[in-house]
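Report on the structure
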Amino acid sequence: MKNIVLIGYMGAGKSTVGIQLSDRFQIAFEDTDQVIEKRQNMAVSEIFEKYGEESFRTMETELLAQMAEGKGRRVIALGGGTPMRFENRERIKALGIVIYLRARPDTIMERLSGDTSRPLLRGGGARQKIEQMLKERGPVYESLSDLTVDTDGKAFENIVDEIGGFYEAACNKRTEP
């Protein structure tokens, strides 16, 4: 049985869906942003401010390498920028079944409204930043994914059911003679 690896832009639902998938399959859940925050004893936004984005991306890459060595099945929610480093892409694919949670800019804006903890959206022009980053990141997310799930207008339980069905079928297919 493989890990479930969730990728996608911030606000797409990776953490929420990840927790529900973890409950459904009774396996551990890890959110890379939360792991890094715990290790650094500071929020991602503070890490960006104190050390810069490049240092944070290096922390993501190091964590990804450690996760690749881990044993046991789990649901892993990756930070939205993790797949953008070329060196991370092979590791992401090797971690397990990769699910791209895709959301439109309107959905992301709605979900992130009032959230001041996102360093990449600070300084105004959030809508334009989201659209530009989705344009850059979308093709990378799609190239890595085994399944793309549109999250716009869907209840999280329906998203979890869709991923769960795909995951069960993929695991059963891999174990058949």
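Refer to the structure presented above.
The present account deals with the structure reproduced in this document. Because the structure is predicted, anything quoted here is derived from the model rather than measured.

With that settled, consider the pairing of strand β3 (residues 74-77). Burial along β3 is two-sided: R74 and I76 facing one way and V75 and A77 facing the other are all buried. As defined by bridge partners, strand β1 (residues 3-7) adjoins β3 across 3 bridges and the pair is classed as parallel. Each residue of the ladder has a partner; that of I4, found in β3, is V75. Relative to β3, strand β2 (residues 28-31) runs parallel, the two sharing 4 bridges. Among the inter-strand pairings, A28 is bridged to a residue of β3, identified as R74.

Turning our attention to the packing of helix α3 (residues 44-51) against helix α4 (residues 53-69). Taken N-terminus to C-terminus, the directions of α3 and α4 make an angle of 125°; their axes are 7 Å apart at the nearest point. Relative to α4, the element α3 lies oblique. Together, V44, I47, F48 and Y51 of α3 and E53, S55, F56, R57 and M59 of α4 make up the contact between the two elements. Its residues assigned to classes, the contact of α3 with α4 shows 6 nonpolar, 1 polar and 2 charged.

Right, let's talk about the packing of aromatic side chains for a bit. Enumeration over the complete set of coordinates arrives at 3 aromatic pairs. Each ring, one from F48 and one from F56, has its centre 5.3 Å from the other, and the planes form 45°; the classification is tilted.

Right, let's talk about the pattern of salt bridges for a bit. Charged atoms that come close allow side chains of opposite charge to pair. A full pass over the atoms with the stated rule returns 13 salt bridges. For D150, the salt bridge is made with R102, and the minimal N-O distance between the two is 2.6 Å. On the criterion of sequence distance, the pair formed by D150 in strand β5 (residues 147-150) and R102 in strand β4 (residues 96-102) is long-range, its members being 48 residues apart. The exposure class assigned to R102 is partly exposed, which follows from its relative accessible area of 27%.

Moving on, we get to α4. An ideal rise of 1.5 Å per residue puts 24 Å on 17 residues; α4 measures up with 25 Å between its terminal C-alpha atoms. Turning to α4, its buried residues are F56, R57, M59, E60, T61, L63, L64 and M67. Buried residues in α4 make contact with β2, α2 (32-40), α3, β3, α5 (86-95) and α7 (126-144).

The next point concerns helix α1 (residues 14-25). The end-to-end C-alpha distance of α1, which contains 12 residues, comes to 16 Å, matching closely the 16 Å that a straight helix rising 1.5 Å per residue would cover. Note on α1: the residue one or two positions beyond its end, Q26, has a positive phi of about 55°.

Turning our attention to the nonpolar core. In terms of nonpolar packing, the biggest core is built from 49 residues, with I4, I7, L21, I99 and I163 touching the most fellow members. Those residues in contact with I7 that sit more than four places away from it in its chain are K14, L78, P83, I92, V98, I99, Y100, L101, Y141 and L144.

Rules used throughout
Residues numbered from 1 in each chain as written. Predicted model: local features only at pLDDT ≥ 70, side-chain atom pairs only at ≥ 80, totals over all residues. Heavy atoms only, no water. Buried < 20%, exposed > 50% of the residue type's maximum accessible area, 1.4 Å probe, protein only. Helix = DSSP H or I, 4+ residues; strand = E, 2+ residues; numbered from the N terminus. Pairing = 2+ DSSP bridges. Axes fitted to C-alpha atoms, helices over the stretch in contact; angles between N-to-C directions. Parallel < 35°, antiparallel > 145°, perpendicular 65-115°, else oblique. Contact = heavy atoms within 4.5 Å. Nonpolar A, V, L, I, M, F, W, Y, C, P; charged D, E, K, R; others polar. Phe/Tyr/Trp six-rings, centres within 6.5 Å; stacked < 30°, edge-to-face > 60°. Salt bridge = Lys/Arg side-chain N within 4 Å of Asp/Glu carboxyl O. Expected span 1.5 Å × (residues − 1). Core = buried A, V, L, I, M, F, W, Y, C linked by side-chain atoms within 4.5 Å.

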